[in-house]
Amino acid sequence: MSKGRFGEYGGQYAAETLMFALTELENAYREAQADPTFDLEFKTLLREYAGRPSLLYRAERMSADLGTQVFLKREDLNHTGAHKINNVLGQVLLARRMGKKRVIAETGAGQHGVATATAAALFGLSCDVFMGEEDTRRQALNVYRMELLGAKVHPVTTGTATLKDATSEALREWSRRVSDTYYVVGSVVGPHPYPEIVRDFQRVIGDEIRAEMLDKYNRLPTALFACVGGGSNAIGTFYPFIEDASVRMIGAEAGGEGVETGRHAASLTGGTIGVFHGMKSIFLQDDEGQIAPVYSISAGLDYPGIGPEHAHLHKTGRGEYYAVTDEEAIDAFEYLSRMEGIIPAIESAHAVALLRKMHAEFKPEDMVVVTLSGRGDKDVEAIGRYRGQIV
Ligand SMILES: *Cc1c(COP(=O)(O)O)cnc(C)c1O
C-alpha cells in the first residue's frame, strides 16, 4: 500500500485481478522509461502528429488590461484541440509495446474518448469507449465522432449514468479482459501507476514553458494557472516547477453554481479524504462516504475527485486551489474571445477567470502563464444557449 504515494494520498486500491494488470503495466512502463527509443518515438509523435511544441503566446491586450505580463500556453492548438492527446499518444505507444491489441477508455463529455479513438486509429488498434448513457445523449456529436474514428461506444446505465459510472465500468471491463486489453486512463487519477504515467506524459506542457521562458526571458514565471478536473493539464503545467519555490502554482476548480449551493465539482474546496477508483484522495462525498453527485457547466471538470498529487500539493500548501463559478467562467470565455481573439474551452476559461479574480496580486514586471487546456468550438452552442443568443 506504500506504492505510488504522494504524502498520504495515492496508492493502489484494487481487486486481485486488477493488481495483476497494474503490476504488468508498471513493469512495462519502467522498461519503457529505461529505453531511449520509447522517448524518441513519443517525442516524434508529439511533434509530427500532435503539432508540438505548442505556442507560448504573449497576450498583450490582456496584459495591459490586467496590469501584469500574461502568457497563454496554447494546448488548444494541438491535434484534436486539447492537451488530452499528449497523454493518449504516450499510453497507446505503451499499449503497443505491451502487445495489446485493444484499448478501452472512459469518457465524460467525450474529449478523452475522442482522443483515445484517434490514437487507436493511428495505431490500428481496436477501441471500446465507456460513456454514461446520460452523457451519450448530451454529447451525441462526440459519440458519432468516436464511431467515425472506428471506436465502439458503450452507454453505461448504472448509477447516475455519467463519468464516474463510466470509469467504474471501464475498470470492470479491464479486469474481465486483462490479457489483450490496455486501459487508457484520461487524467492523473486511478490506482498507481496511472497518476504517475499520465503526469509524465503531460509534463511536456511545463517543460516547454520552462525552456521557453528561460530561453527568451532568462527567468522563470511568477505564477502558473491551470484548470483542474482530474488534474492532468494542471500537473503537466506545474510538475517541472515544483522545486522552484518562487513559482506559484494555482489551480481553478469548477465551482458550478457556487460551493455553498452544493451544486459544484470543487473537490479540494469542498471535499474530504476517501478511497474511490483505486486511489486515496479527496472526494466530494456524503457523511456515509457515498460519492456525491457533481455539477459544472463544464463537462471536462465534472468529476467528484482529484488526482492524489494535487491533494498532496494542496495539503502541503505548495499548490493553491480556488473555486470558479460557471458564471465567472462564462464571463472569462467571452473576455478571452474579445480580448485576444481566442475562444477557449469552457474548462480552460476557469483558469482565465481565476487570473482575472487574482490579478491585483501581480505586479507589472511579473510574468504569469495560463494554460489553455483546449479550444472552445465544442462549447460555443451551449454558451450561446445559456446567454439566450441561440434558441
Ligand atoms: C478533459 C479536459 C480538462 C480536464 O481534465 P484535466 O485532467 O483536469 O486536465 C480540461 N480541459 C479540457 C479542454 C479538457 O478536455
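Residues numbered from 1 in each chain as written. Predicted model: local features only at pLDDT ≥ 70, side-chain atom pairs only at ≥ 80, totals over all residues. Heavy atoms only, no water.

Undergrad: Requested: an account of the nonpolar core, with residues and values cited.
TA: The tendency in soluble globular proteins is for nonpolar side chains to be buried as a group. The biggest cluster of nonpolar side chains holds 84 residues, and the ones touching the most others in it are L94 and Y182. Excluding residues that lie within four positions of it along the chain, L94 makes contacts with L25, A28, Y29, A32, F38, Y182 and I197. If you look at the next biggest cluster of nonpolar residues, it comprises 35 residues, including M62, I330, Y335 and L354. (Core = buried A, V, L, I, M, F, W, Y, C linked by side-chain atoms within 4.5 Å. Buried < 20%, exposed > 50% of the residue type's maximum accessible area, 1.4 Å probe, protein only. Contact = heavy atoms within 4.5 Å.)

Undergrad: Requested: an account of the site of the ligand, with residues and values cited.
TA: What surrounds the ligand is a group of 17 residues, the closest being K84, S187, G229, S232 and S373. At 2.6 Å, a side-chain N or O of S187 approaches an oxygen atom of the ligand. Interatomic distance of 2.7 Å between a backbone N/O atom of G229 and an oxygen atom of the ligand. In isolation the ligand exposes 380 Å². Once the protein is present, 97% of that is buried. When the residues that make up the shell around the ligand are grouped by side-chain class, the tally is four nonpolar, eleven polar and two charged. (Near = heavy atom within 4 Å. Polar contact = N/O pair within 3.5 Å; in protein donor to acceptor, adjacent residues only side chain to side chain. Areas by Shrake-Rupley, 256 points an atom, 1.4 Å probe, with all protein chains shown as cover. Nonpolar A, V, L, I, M, F, W, Y, C, P; charged D, E, K, R; others polar.)

Undergrad: Explain the environment of T167 to me, using residue names and the numbers behind them.
TA: Summarising the element assignment, T167 is placed in helix 8 (residues 163-176). Separated by 66 residues in sequence, T167 and N233 have C-alpha atoms that sit 19 Å apart. Setting aside residues up to four positions removed in sequence, T167 forms contacts with E106, Y183 and H277. (Helix = DSSP H or I, 4+ residues; strand = E, 2+ residues; numbered from the N terminus.)

Undergrad: Residue-level account of the pattern of salt bridges, with values.
TA: This model, assessed by the stated rule, comprises 39 salt bridges. Close ionic contact of E257 with R263 constitutes a salt bridge, the shortest N to O distance being 3.0 Å. With a relative accessible area of 42%, E257 lands in the partly exposed category. A relative accessible area of 41% means that R263 is categorised as partly exposed. The network of salt bridges with common partners includes R102, D128, E169, R172, E173 and R176. (Salt bridge = Lys/Arg side-chain N within 4 Å of Asp/Glu carboxyl O.)

Undergrad: How would you explain the sheet that holds strand 8 (residues 181-183) if you had to name every residue and give the values?
TA: Across the sheet, four strands lie side by side as 7-6-5-8; this open sheet has parallel pairing. Each edge of the open sheet is held by one strand with a lone partner, namely strand 7 (152-156) and strand 8. Here the average twist between neighbouring strands, direction ignored, is 25°. The pairing of strand 5 (residues 102-107) with strand 6 (residues 126-132) spans six bridges and is classified as parallel. Within strand 6, the position partnered with R102 by the bridge is S126. (Pairing = 2+ DSSP bridges. Axes fitted to C-alpha atoms, helices over the stretch in contact; angles between N-to-C directions.)

Undergrad: Tell me about the layout of surface pockets, residues and numbers included.
TA: Roughly 270 Å³ of volume is contained in the second largest pocket. Lining the second largest pocket are 15 residues, and of these Y29, D39, F42, K43 and D200 sit closest to its centre. When contributions to the lining of the second largest pocket are tallied by element, the ones reaching two or more residues are helix 1 (16-34), helix 2 (36-50), helix 9 (194-202) and helix 10 (204-217). Here the element with the most residues in the lining of the second largest pocket is helix 2; it accounts for four residues. Its residues assigned to classes, the lining of the second largest pocket shows seven nonpolar, one polar and seven charged. (1 Å grid on protein atoms, 1.4 Å probe; cavity = no way out; pocket = protein on both sides within 12 Å on 5 of 7 lines; lining within 4 Å. Points joined across faces, edges and corners; volume = space filled by probe spheres on them.)

Undergrad: Tell me what's going on with the packing of aromatic side chains, and back it up with residues and numbers.
TA: In this structure the tally under the stated criterion is nine aromatic pairs. Seen in terms of ring centroids, F71 and Y217 are 5.4 Å apart; in terms of plane orientation they differ by 70°. Their pairing is edge-to-face. Taken together, the residues span a long stretch of sequence, with F71 in strand 4 (residues 69-74) and Y217 in helix 10 at a distance of 146 residues. For F71, a relative accessible area of 1% translates into the label buried. Taking relative accessible area as the criterion, Y217 reaches 27% and is therefore assigned partly exposed. Their ring planes at 70° and their centres at 6.0 Å tell us that F225 and F362 sit as a pair that is edge-to-face. Here the residue F225 occupies a position in strand 9 (residues 223-227), and F362 occupies one in the loop between helix 15 (346-358) and strand 14 (367-372), the gap between them amounting to 137 residues. Like F225, the residue F362 is buried in the burial classification. An aromatic cluster of three or more residues is present, and its members are Y29, F38, F42 and F201. Note that R263 overlies the ring of Y295, its terminal NZ or CZ placed 4.2 Å from the centroid. (Phe/Tyr/Trp six-rings, centres within 6.5 Å; stacked < 30°, edge-to-face > 60°. Lys NZ or Arg CZ within 6 Å of the ring centre and 35° of its normal.)

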